[in-house]
Amino acid sequence: MGLLEKLGSLFGSKTAGGADDAIHIYVECERCKAKVHVRLDRRHDISAREDGGYFVRKEVMDSKCFRLMAAEITFDSAYRIQGKECQGGRFLTQEEFDTPPRA
Ligand SMILES: [Zn+2]
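Thresholds applied
Residue positions are counted from 1 within each chain, in the order its sequence is given. The predicted origin of the model limits local features to residues at a pLDDT of at least 70 and limits the giving and counting of side-chain atom pairs to 80 or more, whereas totals for whole chains, interfaces and linings rest on all residues. Heavy atoms from the whole structure form the basis of all side-chain values; hydrogens and water molecules are not counted. Under the scheme used here, helices are H or I runs from DSSP no shorter than 4 residues and strands are E runs no shorter than 2 residues, and both carry numbers assigned from the N terminus. The rule is simple: take the accessible area with a 1.4 Å probe, protein chains only, and divide by the maximum for that residue type; under 20% is buried, over 50% is exposed, in between is partly exposed. When checking whether two residues touch, look at their non-hydrogen atoms; a contact exists if any pair is within 4.5 Å. Each accessible area value is a Shrake-Rupley result obtained with a 1.4 Å probe; residue values ignore everything except the protein chains displayed when judging cover. Two strands are counted as paired when DSSP detects at least two bridges linking them. As a rule, the C-alpha atoms of each element are fitted with a line to give its axis, helices using only the stretch in contact, and angles between N-to-C directions run from 0 to 180 degrees. Coordinating donors are taken as N, O and S atoms within 2.8 Å of the metal, stretched to 3.2 Å for Na, K and Ca; because water is absent from the atoms, sites can appear incomplete. Any coordination sphere not matching a tetrahedral pattern (four donors, all angles between 85 and 135 degrees) or a square planar or octahedral pattern (four or six donors, opposite donors over 155 degrees apart, other angles between 65 and 115) is reported as irregular. Aromatic rings from Phe, Tyr and Trp, with only the six-membered ring used for Trp, were paired whenever their centres fell within 6.5 Å, and each pair was classed as stacked if the ring planes differed by under 30 degrees, edge-to-face if by over 60, and tilted otherwise. Either the NZ atom of lysine or the CZ atom of arginine qualifies as a charge over a ring when it sits within 6 Å of the ring centre and within 35 degrees of the ring normal.

Enquirer: What's the story with the overall build of the protein chain in this structure? I'm lost.
Expert: The helix and strand inventory of the protein chain stands at two helices and seven strands. The proportion of buried residues among the 103 residues of the protein chain is 32%. Considering only intrachain contacts with a sequence separation of at least 6, the fraction spanning at least 24 residues in the protein chain is 41%. Carbon and sulfur atoms make up 49% of the accessible area of the protein chain, which totals about 6900 Å².

Laid out in structure tokens, this is it:
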């Protein structure tokens, strides 16, 4: 699987029709492993970049150790992920997010 495909599957929209135009991301706190779902509103959370495309920087706090993580994602003009970084945590796929941790 190529990197772009991987990135795409992380943020692949399963909602056809566009009733909800938000972008959903999932991160895991690197310290306590709490999972956090973040909803990014295209109009409010995402800024346009000068060179076209979009950019978001979102501070995320988990509900376990309350550590602040900083997620930064860049998109192209079609809202496809171009790059992402999460300080203090790591990105999860929706699948990973939905899967409870193994006991
Ligand atoms: Zn935490």
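Enquirer: Looking at this structure, how should I read the environment of Val27?
Expert: Examined against the element boundaries, Val27 turns out to sit in strand β1 (residues 23–29). Contact partners of Val27, with chain neighbours within four places excluded, come to Ala34, Lys35, Val36, Val60, Met69, Cys86, Arg90, Phe91 and Leu92.

Enquirer: Explain the sheet that holds strand β2 (residues 35–40) here, please?
Expert: Backbone-to-backbone hydrogen bonds join strands into a sheet, with any given pair of strands oriented parallel or antiparallel. Pairing is antiparallel in the open sheet, where three strands are placed in the order β2-β1-β7. Of all the strands in the sheet, the pair left with one neighbour each is β2 and β7 (89–92). In this sheet, adjacent strand axes meet at a mean angle of 35° when their direction is disregarded.

Enquirer: Help me understand the coordination of the zinc ion, please; the structure alone is not making it clear to me.
Expert: Six octahedral donors around a metal ideally sit at 90 or 180 degrees from one another, while four tetrahedral donors ideally sit at 109.5 degrees. Taken together, Cys29 (SG), Cys32 (SG), Asp62 (OD) and Cys65 (SG) make up the full set of protein donors to the zinc ion, lying 2.2 to 2.3 Å away. Relative to the metal, the four donor atoms surrounding the zinc ion lie at angles of 91 to 120°, and the coordination shape comes out tetrahedral. Each donor residue of the zinc ion belongs to the same chain, and together they define the spacing C-x2-C-x29-D-x2-C. On the criterion of sequence distance, the pair formed by Cys29 in strand β1 and Cys65 in the loop between β4 (54–61) and β5 (68–75) is long-range, its members being 36 residues apart. A residue is classified by how much of its surface remains accessible, and Cys29, at 0% relative accessible area, is buried. Here Cys65 falls in the partly exposed class, since its relative accessible area comes to 23%.

Enquirer: Would you mind showing me how to read the packing of aromatic side chains here?
Expert: Centre distance and the angle of the planes are the two values used to describe a pair of aromatic rings. A complete count under the given rule lists three aromatic pairs for this structure. Its end group placed over the ring of Tyr79, Arg42 keeps NZ or CZ at 4.1 Å from the ring centre.

Enquirer: Just to check I follow, could you spell out the sheet that holds strand β6 (residues 81–87) for this structure?
Expert: Sheet architecture is open: four strands sit in the order β3-β4-β5-β6, paired in antiparallel fashion. The outermost strands of the open sheet, each flanked by one partner alone, are β3 (47–48) and β6. Strand direction decides the pairing type here: β3 and β4, joined by two bridges, are antiparallel. Directly across from Ser47, in β4, lies its bridge partner Phe55.

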